[in-house]
Amino acid sequence: MPSLDELAKTPQNINEWFLSICAHVAESRRVIEELSKEDPPTEPFKSKYAGRNMLKSALQRAQSFQPSTDQETSRIRCAQATIFLYIGQVSVDVEEPKEAEKNFQSCLDILGLETTNKYNISLLLHAHNLLAAVWSGRGDHDKAYQLLEKAKELHAGYLHSKLPAPKSYDEIFMDEKFSSEERNVMFEKLYTNTLFYLAQVFGVRGDNKQAAAHCHITLQRQLEAEDFDPLDWSLNCATLSQYYVTMNNYQSARHTLACASSVISNVQESSENSTYSDESYDNEKIVKTRADIERCWIKFCVNLLKDSVSDLEASDLSEKVSKITEMKNNFEDEEDKEDSDKKDEGKEEDKKEEEKVEDLEAGEKKEEETQKQDEEDEQKKRKTFSDLVDVEDIELLRITNVESGQYEELVPGELCKTYEDARKVFKAGSKFVENAIKYYTFDGFVTDYVEIKQDLSGLYKNLAVFDKDESRKCKMHKRRVDTLTELVTPLNIQHFRQICRQLRFELGEVKNTMVSLKYSIAVELPQEQQNWKKINNLCFGAIQEFENFCDLLRDPNDKFPDTLSDETVRPYVISQIFIARLYGKFRPMDTSQKLSFLAKAETHFKKALDYYDSHLKQCSGMDLKEEVDVAREMLHFLPRKMEKIRQAAA
């Protein structure tokens, strides 16, 4: 190719003009992509500024040429639009979004809506993507969404036209050309970027379902094209699982996590034996990515057990209702036998009434079963997708091309029904915790370490619900106490006040649960075996934790605020109610001490109600009504109870 000096003269025809422009563009890109790596820290964009000026110079030369045919006009217009796009990209790199937006828009303005040109479609698609990213970065997500939807239309329209694979926009300035297969790969990569940006925009707009769908298809397309960074891909795939967790779709959540673990497992800390060998993978990034995926697995296990507990409690409630109904029926049957002298007509009417109720219940049950079957049939009709994104339900989607089976076997993918099921989830979750804290250590990652350990506490908490042995339940909660105490003890309150609040409140909840368990165990034992002193100490420990939490709400001058922050209102009110109840559970040594404890209980019920009643607007919607109503009843009951105790002691 001739030198820049040789091409500095005014071009005489379209070919000379193109040689001149190509030389300027090639040199500018060399400066931008290669020389910029050597820029000093004090001038990080020195070469990029220089390269952008060269592109502007090339653009001026392009704009000065007067075409003589329609073919030349199309060729020149495409070249100008490509240079505008290059200038916009550099402007993004040098953090000038307004300048970038102007150049990307100029690119689109030049091209118009002509989509059949062999260069234009790739340019149009890429420019829409880049301009959308700029608008999204500036906070206008609606504008970004419109641009990306337009990009989708352009892609679909070109595919529908059945034209050959479009040329890459870079080819206009290149001597060597790409093959048809290479062009198709590059074109589809641009569309994959469109879907990736759409996933982010949908997420910001709050449409999590569409965000997850677009993220899923982006990951699938990257796999199929074999064009992805395994670290980024696996982390994005693991992050996608968290959406499925929020939707209680644990099968899909487990599948995406398994795919993430499968891909990351092929990246070795030493790239010698790695399936994805790349010298750019530093060991710390690999270890961190693995730890982040382990944390996603932890959240999966915690939520699976939590939802399993909710399902179990709902089932228990239903079973209790059924037993009460059965007891009621049995009682009515006994009454009928005792009152055998009643008229047969009355019995017959009762029987008919019962049959009506049974028929009604049977009809409702059949209707529910029919509705459930219809929903299952509808689900079966839905298909997975590879290129389609606009789906109504993404629950059946699977990521192909990844061997994920061995990782899906690590943990169940459905709600636990038995202690054995829950224990499998617990053991898997504990192992993920063990792996995650190898990177997220207490020294250096305090907040992350504490959160991971709190998740471990959550695993113990929910596993205990499935255990029928109350003694073992207590041991599990004791492990929670040990874990949380180990966390909070070394923390600097000034630097980690919020974390300390969380830990103190949770410790209070755990010890309060242990008091209830110990109490229920003690009342079933012979009197000589009841260890009320130990239970009293546990009550005091729980009260101390809740009081520590309340003290952490004070300002730097040790003054309790008149109005608490919204996130601390519910914990504060609940803490005061818990403290009051705990004082009521003490087994005092004498009447005087018993009256003293009940008076303290009364004081703390009042504290809870005083704050609630004086901040009704703030407390509305905080799900406190049930607790507050009980506190009011107790406050009404306690004075009478204390008076009876005084009279009995007199």
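What you see is a predicted model; the values in this text were computed from it and never measured.

The rules we used
Counting of residues starts from 1 at the beginning of each chain's written sequence and follows it residue by residue. A pLDDT threshold of at least 70 governs which residues receive local features in this predicted model, and a stricter bar of 80 or more applies before side-chain atom pairs are shown or counted, although totals over entire chains, interfaces and linings include all residues. Derived side-chain values reflect all non-hydrogen atoms in the structure, with water molecules and hydrogen atoms excluded from consideration. Strands are runs of DSSP state E lasting at least two residues, helices are runs of H or I lasting at least four, and both sets are numbered from the N terminus onward. Exposure is judged per residue with a 1.4 Å probe applied to protein chains only, and the accessible area is read against the type maximum: over 50% gives exposed, under 20% gives buried, and values in between give partly exposed. In this description, contact between two residues means that some pair of their heavy atoms is separated by no more than 4.5 Å. Reported accessibility uses the Shrake-Rupley method at a 1.4 Å probe radius. Residues are deemed covered only where the shown protein chains occlude them. Cavities and pockets were defined on a 1 Å grid built over protein atoms only: a cavity is a set of grid points that admits a 1.4 Å probe from which the probe cannot escape, a pocket is an open set flanked by protein on both sides within 12 Å along at least five of seven lines, and lining residues are those with an atom within 4 Å of any such point. Grid points are joined across faces, edges and corners, and a volume is the space filled by probe spheres set on the points. Side-chain classes follow a simple rule in which Ala, Val, Leu, Ile, Met, Phe, Trp, Tyr, Cys and Pro form the nonpolar group, Asp, Glu, Lys and Arg form the charged group, and the remainder, Gly included, forms the polar group. Salt bridges are defined by distance alone: a side-chain nitrogen of Lys or Arg within 4 Å of a carboxyl oxygen of Asp or Glu. Lines fitted to the C-alpha atoms define the axes, with helices restricted to the stretch that makes contact. Angles between their N-to-C directions range from 0 to 180 degrees. Any angle that is under 35 degrees is reported as roughly parallel, and any over 145 degrees as roughly antiparallel; angles of 65 to 115 degrees are reported as roughly perpendicular and all others as oblique. Less than a right angle of anticlockwise turn of the near helix away from the far helix marks a crossing as left-handed, whereas a clockwise turn marks it as right-handed. Working rule for helices: expected span equals 1.5 Å times residues minus one. Comment: arc refers to directions from the helix axis out to C-beta atoms. Each Phe, Tyr or Trp ring (for Trp, its six-membered ring) is paired with any other whose centre lies within 6.5 Å, and the angle between the two planes then decides the class: stacked below 30 degrees, edge-to-face above 60, tilted in between. pLDDT gives the predictor's per-residue confidence on a scale running from 0 to 100. Any cysteine sulfur atom paired with another within 2.5 Å is treated as part of a disulfide.

### Remarks on the overall build of the chain
Alright, step 1. Of regular secondary structure, the chain possesses 22 helices and zero strands.
Alright, step 2. The buried share among the 650 residues of the chain stands at 43%.
Alright, step 3. Across the chain, the fraction of contacts at a sequence separation of at least 24, relative to all contacts at a separation of at least 6, is 68%.
Alright, step 4. When the accessible area of the chain is evaluated, it comes to approximately 36,600 Å², of which 48% is carbon and sulfur surface.

### Some thoughts on the layout of surface pockets
Alright, step 1. What the largest pocket holds in volume is close to 1,400 Å³.
Alright, step 2. For the lining of the largest pocket, the secondary-structure elements that each account for two or more residues are α11 (283–338), α15 (446–466), α16 (470–488), α17 (497–522) and α19 (566–585).
Alright, step 3. Residues belonging to the lining of the largest pocket are distributed by class as follows: 13 nonpolar, twelve polar and 16 charged.

### A look at the pattern of salt bridges
Alright, step 1. Counted under the stated rule, the structure contains 34 salt bridges.
Alright, step 2. A salt bridge links Asp 142 to Arg 205, with the nearest nitrogen and oxygen atoms 2.6 Å apart. With Asp 142 in helix α6 (residues 141–161) and Arg 205 in the loop between α7 (180–204) and α8 (208–225), the pair connects residues that are 63 residues apart, well separated along the chain.
Alright, step 3. Take Asp 142: its relative accessible area is 46%, and that puts it in the partly exposed class.
Alright, step 4. The exposure class of Arg 205 is partly exposed, given its relative accessible area of 39%.

### As for the packing of α8 against helix α9 (residues 230–246)
Alright, step 1. At a closest axis distance of 10 Å, the pairing of α8 and α9 adopts a crossing angle of 150°. Between α8 and α9, the angle is such that the two are roughly antiparallel. The interaxial crossing formed by α8 with α9 has left-handed handedness. Residues Asn 208, Lys 209, Ala 212, Cys 215, His 216, Leu 219, Gln 222 and Leu 223 of α8 touch α9, and the partners they reach there are Trp 233, Asn 236, Cys 237, Leu 240, Tyr 243 and Tyr 244.

### Considerations on the side chain of Glu 188
Alright, step 1. Within the secondary structure, Glu 188 sits in helix α7.
Alright, step 2. The exposure class assigned to Glu 188 is buried, which follows from its relative accessible area of 19%.

### Remarks on unusual backbone geometry
Alright, step 1. One non-glycine residue with positive phi stands out, namely Lys 162, at about 60°.
Alright, step 2. Locating Lys 162 in the fold gives a position in the loop between α6 and α7.
Alright, step 3. For Lys 162, a relative accessible area of 75% translates into the label exposed.
Alright, step 4. Backbone geometry places Asn 401, a non-glycine residue, at a positive phi of 70°.
Alright, step 5. For Asn 401, the location among the structural elements is in the loop between α12 (344–381) and α13 (405–408).
Alright, step 6. Taking relative accessible area as the criterion, Asn 401 reaches 58% and is therefore assigned exposed.

### Regarding α6
Alright, step 1. Over its 21 residues, α6 runs 30 Å from end to end, which matches the ideal 30 Å to within 8%, given 1.5 Å per residue.
Alright, step 2. Along α6, the residues classified as buried are His 141, Ala 144, Leu 147, Leu 148, Ala 151, Lys 152, Leu 154, His 155 and Tyr 158. Projection of α6 onto a plane perpendicular to its axis shows the buried side chains occupying an angular sector of 155°, all on one side. In this structure, α6 carries Gln 146, Glu 153 and His 160 as exposed residues pointing more than 90 degrees from its buried face.
Alright, step 3. Against the buried residues of α6 lie α5 (120–137), α7 and α8.
Alright, step 4. Two residues or fewer after α6 comes Lys 162, characterised by a positive phi angle close to 60°.

### What about the packing of aromatic side chains?
Alright, step 1. With the rule as written, the count across this model stands at 24 aromatic pairs.
Alright, step 2. On the numbers, 5.9 Å between centres and 80° between planes, the contact of Trp 297 with Phe 300 is edge-to-face. In this pair, Trp 297 and Phe 300 both sit in helix α11, three residues apart, roughly one turn of the helix. Considered together, Trp 297 and Phe 300 belong to a single accessibility category, that of buried residues.
Alright, step 3. Aromatic pair Phe 586 and Phe 597: ring centres 4.4 Å apart, planes at 25°, arrangement stacked.

### Observations concerning the packing of α5 against α6
Alright, step 1. It is the contact of α5 with α6, at a shortest axis distance of 8 Å, that shows an interaxial angle of 165°. In this view, α5 runs roughly antiparallel relative to α6, as classed from their interaxial angle. Relative to α6, the crossing made by α5 is left-handed. Across the interface between the two elements, Ile 121, Leu 124, Leu 125, His 128, Asn 129, Leu 131, Ala 132, Trp 135 and Ser 136 of α5 pack against His 141, Lys 143, Ala 144, Leu 147, Leu 148, Lys 150, Ala 151, Leu 154, His 155 and Tyr 158 of α6.
Alright, step 2. Within the contact of α5 with α6, the residues separate by chemical class into twelve nonpolar, five polar and two charged.

### Some thoughts on helix α14 (residues 419–436)
Alright, step 1. Over its 18 residues, α14 extends 25 Å from the first C-alpha to the last, a length consistent with the 26 Å expected when each residue adds 1.5 Å.
Alright, step 2. Within α14 the residues assigned to the buried category are Ala 422, Val 425, Phe 426, Ala 428, Gly 429, Phe 432, Val 433 and Ala 436.

### Quick word on the environment of Lys 594
Alright, step 1. Following the sequence through the fold, Lys 594 ends up in helix α20 (residues 591–614).
Alright, step 2. When the C-alpha positions of Lys 594 and Ile 645 are compared, they lie 8.8 Å apart, and in sequence the two are 51 residues distant.
Alright, step 3. Look past the residues within four positions of Lys 594 in its chain and what remains in contact with it is Pro 588 and Ile 645.

### Structural notes on the side chain of His 126
Alright, step 1. In this fold, His 126 is placed in helix α5.
Alright, step 2. Not counting chain neighbours up to four residues away, the residues in contact with His 126 comprise Leu 85, Gln 89, Tyr 169 and Leu 190.

### Brief notes about the confidence of the model for the chain
Alright, step 1. When pLDDT is averaged along the chain, the result is 85; 82% of the residues meet or exceed 70.
Alright, step 2. When the criterion is pLDDT under 50, residues 4–8 qualifies, and its contacts beyond four places in sequence or with other chains add up to nine contacts.
Alright, step 3. Predicted confidence for residues 377–391 stays below pLDDT 50, and this span has 25 contacts to residues more than four positions away or in other chains.

### Quick look at the state of the cysteines
Alright, step 1. Throughout the structure, instances matching the rule amount to zero disulfides.
Alright, step 2. Free cysteine: Cys 78, not disulfide-bonded; nearest cysteine sulfur from Cys 107 at 8.6 Å.
Alright, step 3. Residue Cys 78 is classed as buried on the basis of its relative accessible area, which comes to 2%.

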